[in-house]
Amino acid sequence: MAASKDDQAQALLDWYRAMGVDEVVGEVSVNRFAAPAAEAAPSTPRPESKTSAKTPSTTPQQNSLLNGKSSGNPIETAATLADLEALAGQFEGCALKRTAKSLCFARGNDQARVMFIGEAPGRDEDLQGKPFVGRAGKLLDRMLASIGLSEDDVYITNTVYWRPPGNRTPTPQEIESCAPFLARQIELLKPDIIVLLGGAAAKSILDTGEGIMRLRGKWLTYHSGGRDIPTIATLHPAYLLRTPGDKRLAWRDMLMVKQALERKE
């Protein structure tokens, strides 16, 4: 017996969910299977175009932001983290912005001694406009509490500021587009310690191809603004939710952070 229309619709919804589609992005549904309306033939032949698409125009400010290291680049001259966040909100150079709802720049204390850098925002973060507020964020808060820290003591961000569709891993190009902002973010915060959450953040910030299991549990160095900042990589809270047996490894890393902070007091 042929499946009913309801069964077919449910099967389609189940397939969407499996592919990572978990929210509606438009107010009106679009029938992608409908034949496109035929265009009226022009009265006179048009000359053949040499380009397949029109290059979008950009303002001088957007060009400056996209150039990264250009003279007088607003990213490099941003005086405060609030100024830098405002610039990130104007930035059009990361494709993730087109599919995300919110800019997720940071949460925590902009005078913090410890900076945590993760991979990318997820669904909950996209809805609230802050990094690490979902299940992984709640676990991170418990990890911080275990060494006597709270949101008031740390500054938390990601390698990209917009949610990738379906919570996929951001591409190297997407990470690179946000890298000038993140570099300036670190310069402005001037943290005593950087903690990298997960392999994607560790590989990006440390510019290495080594996996997280090789990188975690030891002190490394990130150079920023004429300073060498002690940096440690640990397992991402989202990974720990899937693999709770490895929480013991993250606990060791967090103890190293606690001991380093105590030595600096």
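For the structure itself, look to the data block above.
Residues numbered from 1 in each chain as written. Predicted model: local features only at pLDDT ≥ 70, side-chain atom pairs only at ≥ 80, totals over all residues. Heavy atoms only, no water.

Visitor: Before we move on, can you summarise the overall build of the chain with the specific residues and values?
Guide: Scanning the chain from N- to C-terminus turns up 11 helices and 6 strands. In the chain, buried positions account for 38% of the 265 residues. Excluding contacts between residues fewer than 6 apart, the proportion of contacts in the chain whose partners are at least 24 apart in sequence is 72%. Approximately 15,900 Å² of the chain is accessible, and the part contributed by carbon and sulfur atoms is 52%. (Helix = DSSP H or I, 4+ residues; strand = E, 2+ residues; numbered from the N terminus. Buried < 20%, exposed > 50% of the residue type's maximum accessible area, 1.4 Å probe, protein only. Contact = heavy atoms within 4.5 Å. Areas by Shrake-Rupley, 256 points an atom, 1.4 Å probe, with all protein chains shown as cover.)

Visitor: How would you summarise the packing of helix α4 (residues 81–90) against helix α7 (residues 172–189) if you had to cite specific residues and measurements?
Guide: Relative to each other, α4 and α7 sit at 170°, their axes nearing to 10 Å. Judged on the interaxial angle alone, α7 and α4 are roughly antiparallel. Contacts between α4 and α7 involve L81, L84, L87 and A88 on the former and, on the latter, F181, R184, Q185, L188 and L189. Within the contact of α4 with α7, the residues separate by chemical class into 7 nonpolar, 1 polar and 1 charged. (Axes fitted to C-alpha atoms, helices over the stretch in contact; angles between N-to-C directions. Parallel < 35°, antiparallel > 145°, perpendicular 65-115°, else oblique. Nonpolar A, V, L, I, M, F, W, Y, C, P; charged D, E, K, R; others polar.)

Visitor: How would you explain the sheet that holds strand β2 (residues 114–118) if you had to name every residue and give the values?
Guide: Strand order in the open sheet formed by 6 strands is β1-β3-β2-β4-β6-β5, with mixed pairing between adjacent strands. The sheet is open, and its two edges are formed by β1 (107–108) and β5 (219–224), each paired on a single side. Relative to strand β4 (residues 193–197), β2 runs parallel, the two being bridged by 4 bridges. Paired with I117 across the bridge in β4 is L196. Where α7 meets the sheet, its contacts fall on β2, β3 (154–158), β4, β5 and β6 (227–234), and the angle it forms with β2 comes to roughly 165°. (Pairing = 2+ DSSP bridges.)

Visitor: Let's hear about the environment of L215: which residues, and what values?
Guide: Positionally, L215 belongs in helix α9 (residues 212–215). Classification of L215 by relative accessible area gives buried; the value is 4%. Remark: the alpha-carbon pair of L215 and A202, spanning 13 residues in sequence, is separated by 7.7 Å. The residues touching L215, leaving out its near neighbours within four places in the chain, are A202, L206, T208, E210, L220 and A233.

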